[in-house]
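# Fold and contact review
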Amino acid sequence: MMNYRKDLENMPSYDGTEKYYRIKINANESTMNLPPLVEERVLTRLSRIAFNRYPNEEYSALVEQIARNFSVSESQILLGGGSSEIIEKVFFAFGGAGKKVVFPQPSFSMYKIYAKAAESEPVPFDLDEKFDLDTDKFIKKIRDVKADLAVVCNPNNPTGNFLSVDRVEEIAKSIDCAFLLDEAYIEFYGKSGVNLVAKYPNLIVARTFSKAYGLASARVGYMIAQPEVTRMIDKTFMPYHMNVLSLATADIVYQMRDEFVPRIQMTIAERQRMSGRLQAIPGIEIFPSKTNFILIRLDKAEELKNYLESKSIGIRYFSPDAPGLKNCLRISMGNREENDEVFAEIKNFSEGLK
């Protein structure tokens, strides 16, 4: 008899099924591969890898770089398989039977899954109708339920909105549990809470290489926290959990991160341009964004999704039972030509020209 872990059958799962699209703007990925100069350096570095050795040297090199950039000690940095693994391990470190994790909704769908995987109780906190987080009520909720971990995605996925650093600090100083700040999209916003780590021992900041640096395939992320926090969270990782190919690639990418600045600026400009153009289409509500995507709402969201798919354009549609996201679609930014085609097809749909 196969005796699976209790409640495994009832665990929610994340659907990562891939489908080919001519224009793929459904996963918040970068639509551009590495800049040519970066790619050249990466390939040169990979050609010198000692495949017979564990990745100690590569892990340490990337940690050293990140610590130097943020003027923190290397003992304050941990690496993971994308920020997703970092988040998962934070949930494991502070979760467990009887523990409670508070997070806004709608937000990153994996928070609920990670909470359940850690055998913790997920406690979602509803954003308002404009997807803003009422920080006073959020703090009260954390206190009332005696939470063991609070999580905020800033800027928020999938809504695109953001909290100021002052509002992040208000949360950090007002709660006495661990506070995870998920900054997966921070490069598109530019106002990080990472400097607050020195002031608030409960604050943990998670970052990723997947979005601004276009390294989704390599699965590399990192966290910054105070040394005692990283020491404890490190216990949840398996030995050698990062592979040498991803670490060496991320090391080069981080060394050459200035090469990505024009691409980040282009993405921001395209987001602003697309937001302005979509606002001119009747019946479509556009939500402000500080990310590499735009969230829109319209009555015929599912029909629009199906229409775009018929044109081999993939965008993210949220099921009607997704909290707060009824009739919403998320559109990641492609290059200018892709965005022009997406806009033209949405306009055609709205005008009945499909």
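Our subject is the structure listed above.
Source: prediction; values computed, not measured.

## What to know about the side chain of Asn161
With respect to the helices and strands, the residue Asn161 is situated in the loop between strand S5 (149-153) and helix H6 (165-174). Here Asn161 falls in the buried class, since its relative accessible area comes to 16%. A polar contact of 2.3 Å, which involves the side chain of Asn161, links it to the backbone oxygen of Phe131. Engagement of the side chain of Asn161 in a polar contact is seen with the side chain of Thr159, the distance being 2.3 Å. Setting aside its immediate chain neighbours within four residues, Asn161 contacts Lys130, Phe131, Asp132, Asn154, Pro155, Asn156 and Pro288.

## Brief notes about the packing of aromatic side chains
What the rule picks out here adds up to 16 aromatic pairs. Taking 6.0 Å as the distance between ring centres and 65° as the angle between the ring planes, the aromatic pair formed by Phe91 and Tyr114 counts as edge-to-face. Of this pair, Phe91 sits in helix H3 (residues 82-94) while Tyr114 sits in helix H4 (residues 110-117), and the two are 23 residues apart along the sequence. Taking the relative accessible area as the measure of exposure, Tyr114 reaches 11% and is therefore buried. Between Phe103 and Tyr111, the ring centres sit 6.0 Å apart and the planes meet at 55°, which makes this aromatic pair tilted. Of the two residues, Phe103 and Tyr111, neither departs from the other in class, the shared state being buried. The ring of Phe237 carries the charged tip of Lys89 above its face, separated from the ring centre by 5.8 Å. Positioned above the aromatic ring of Tyr254 is the side chain of Arg257, whose terminal nitrogen or guanidinium carbon lies 4.2 Å from the ring centre.

## Looking at the packing of H3 against H4
At a minimum axis distance of 9 Å, the contact between H3 and H4 shows a crossing angle of 40°. What the angle tells us is that H3 and H4 run oblique. Considering how the two elements wind past one another, H3 and H4 form a crossing that is right-handed. Within the contact between the two elements, H3 uses Ser84, Ile87, Glu88, Phe91 and Phe92 and H4 uses Tyr111, Tyr114, Ala115 and Ala117.

## Details of empty space enclosed by the protein
A complete count under the given rule lists 2 cavities of 30 Å³ or more for this structure. Of the volumes computed, that of the largest cavity is approximately 150 Å³. Forming the walls of the largest cavity are 19 residues, and the residues nearest its centre are Ser30, Met32, Lys211, Ala212 and Thr267. Its volume calculated, the second largest cavity comes out at about 80 Å³. For the second largest cavity, the full set of lining residues is Pro104, Leu127, Phe131, Leu133, Val152, Cys153, Asn154, Pro155, Asn156, Asn161, Phe162 and Leu163. In the lining of the second largest cavity, the residues fall into 9 nonpolar, 3 polar and no charged.

## Here's the deal with the sheet that holds strand S12 (residues 316-317)
Within a sheet, neighbouring strands are paired by backbone hydrogen bonds and run either parallel or antiparallel to one another. With antiparallel pairing, 4 strands are arranged side by side in an open sheet as S9-S10-S13-S12. Since the sheet does not close on itself, it has two edges, and those belong to strand S9 (285-286) and S12, each with one partner. Helix H9 (residues 261-279) rests against S9, strand S10 (293-297) and strand S13 (328-332) of the sheet, and its axis sits at about 15° to S10. On top of the sheet, helix H10 (residues 301-310) reaches S10, S12 and S13; it is set at about 35° to S13, its chief contact.

## A word on helix H5 (residues 135-144)
Looking at H5, one finds that the buried residues are Thr135, Phe138, Ile139 and Ile142. Buried residues along H5 cover an arc of 100° about the axis, so they all sit on one side. What points out from H5, more than 90 degrees from its buried face, is the exposed set Asp136 and Lys137. Buried positions along H5 lie against strand S3 (100-105), strand S4 (121-126), S5 and H6. Capping the start of H5 is the job of one residue whose side-chain oxygen sits 3.2 Å from the backbone nitrogen of Asp136: Asp134. Where H5 terminates, the next one or two residues include Lys146, which has phi positive at roughly 55°.

## A closer look at the sheet that holds strand S7 (residues 203-208)
The 7 strands are arranged S2-S8-S7-S6-S5-S3-S4 in an open sheet whose pairing can be described as mixed. Taken across any chain shown, the strands that pair with only one partner, and hence form the sheet edges, are strand S2 (77-80) and S4. In this sheet, adjacent strand axes meet at a mean angle of 20° when their direction is disregarded. As defined by bridge partners, strand S6 (residues 178-182) adjoins S7 across 4 bridges and the pair is classed as parallel. Looking across to S7, one finds that Leu181 is bridged to Val205.

The rules behind each value
Residues numbered from 1 in each chain as written. Predicted model: local features only at pLDDT ≥ 70, side-chain atom pairs only at ≥ 80, totals over all residues. Heavy atoms only, no water. Helix = DSSP H or I, 4+ residues; strand = E, 2+ residues; numbered from the N terminus. Buried < 20%, exposed > 50% of the residue type's maximum accessible area, 1.4 Å probe, protein only. Polar contact = N/O pair within 3.5 Å; in protein donor to acceptor, adjacent residues only side chain to side chain. Contact = heavy atoms within 4.5 Å. Phe/Tyr/Trp six-rings, centres within 6.5 Å; stacked < 30°, edge-to-face > 60°. Lys NZ or Arg CZ within 6 Å of the ring centre and 35° of its normal. Axes fitted to C-alpha atoms, helices over the stretch in contact; angles between N-to-C directions. Parallel < 35°, antiparallel > 145°, perpendicular 65-115°, else oblique. Left-handed = near helix turned anticlockwise from the far one by under 90°. 1 Å grid on protein atoms, 1.4 Å probe; cavity = no way out; pocket = protein on both sides within 12 Å on 5 of 7 lines; lining within 4 Å. Points joined across faces, edges and corners; volume = space filled by probe spheres on them. Nonpolar A, V, L, I, M, F, W, Y, C, P; charged D, E, K, R; others polar. Pairing = 2+ DSSP bridges. Arc of directions from axis to C-beta.

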